[in-house]
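Residue-level structure breakdown
Below are the chains, spelled out letter by letter.
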Amino acid sequence: MAKTKDENTEEQILVAAKTVFQTKGMDGARMQHIADEAGINKAMLHYYFRSKQLLFEAVFNQAFSLLAPQLNIILNDESSIEDKIKNFTVDYTTFMMKHPYLPNFIIQELNRNEDFIVKLKENTGFPNLDKFKAQVDAEINDGLLNPIDADQLFVNIIALNIFPFLGKPLIKAFTNKDEQDYKTFVESRKTEVANFIINSIKPH
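Right, let's walk through the structure included here. Just so it is clear, the structure is predicted and the values come from calculations on it, not from any experiment. Starting afresh in each chain, residues are numbered from 1 along the sequence in its written order. Totals for whole chains, interfaces and linings use all residues, but because this is a predicted model, local features are given only for residues with pLDDT of at least 70 and pairs of side-chain atoms are given and counted only at 80 or more. Calculated side-chain values reflect all of the structure's heavy atoms, with hydrogen atoms and water omitted.

**Quick look at a nonpolar patch on the surface**
Exposure above 30% relative accessible area and no salt bridge define the residues that can form patches, which grow by joining like charges within 9 Å and nonpolar side chains of Val, Leu, Ile, Met, Phe, Trp and Tyr within 5 Å. The accessible surface values rely on the Shrake-Rupley method and a 1.4 Å probe; as for residues, cover is taken only from the protein chains in view. Here, a salt bridge means any Lys or Arg side-chain nitrogen found within 4 Å of an Asp or Glu carboxyl oxygen. A cluster of nonpolar side chains, F163, L170 and F174, forms an exposed patch at the surface whose accessible area comes to about 350 Å². Put simply, DSSP marks the helices as runs of H or I at least four residues long and the strands as runs of E at least two long, and each gets a number from the N terminus on. You can see F163 is positioned in helix α9 (residues 150-166).

**Topic: the pattern of salt bridges**
Inspection of the entire model under this criterion finds eight salt bridges. E82 is paired through a salt bridge with K202; the nearest N and O atoms lie 3.2 Å apart. Residue E82 is located in helix α5 (residues 81-98), and its partner K202 is located in the segment after α11 (179-201); the two are separated by 120 residues in the primary sequence. Two residues, D151 and K133, come together in a salt bridge whose shortest N-O distance is 3.3 Å. With a gap of 18 residues between them, D151 in helix α9 and K133 in helix α8 (residues 130-141) connect regions that are remote in the sequence. Each of the salt bridges in this network shares a partner with another, and the network as a whole consists of E82, K86 and K202.

Structural data, given as structure tokens:
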């Protein structure tokens with residue numbers, strides 16, 4: 001009788017893969033590690049996912065599909081730009097603390113495969129900036145914000161939020177932080193980043 005793929009087993013594999021990728025990284029992870037973590041044999045793992053890359057993409061897409069709608073809601077709700085920055089920073093940092101492998105994977109995939117971002121935009125409810133940009137312009141006109149290009153503002157928000165995850169070893173080395181100190185530091189970024197950006201764009 002032909003085998004049929006079981007959703008519970010597939011989810012079990014994805015949970016195991018997430019754990020292994022978080023602890024060993026993409027390069028250090030092995031399919032055998034993931035099979036062991038999932039409590040199955042390697043042949044069964046390959047039946048569900050033919051390669052480590054395909055498995056990594058499945059883990060990534062599952063996680064990003066949770067994050068993207070969350071960010072989209074923040075960007076397109078009726079709150080002020082100030083509140084958007086605060087909410088975006090809290091949600092993004094909280095999410096990345098749970099999925100720390102994602103930023104490096106995104107950069108890796110963008111460098112390896114230029115079509116990656118095109119596929120990502122098509123399949124995951126990729127965040128739309130149109131309302132955010134219009135709102136920035138409106139608040140500038142109303143005197144609520146200093147003049148700033150909305151694209152530049154969004155990139156500033158992304159850059160300040162993402163670097164602590166992309167540059168984790170560098171930050172730990174520069175600041176002499178152990179793993180627990182680093183986690184505390186990243187937690188504090190939820191308010192530090194938002195306050196820094198808001199202070200830079202609000203009239204004084």
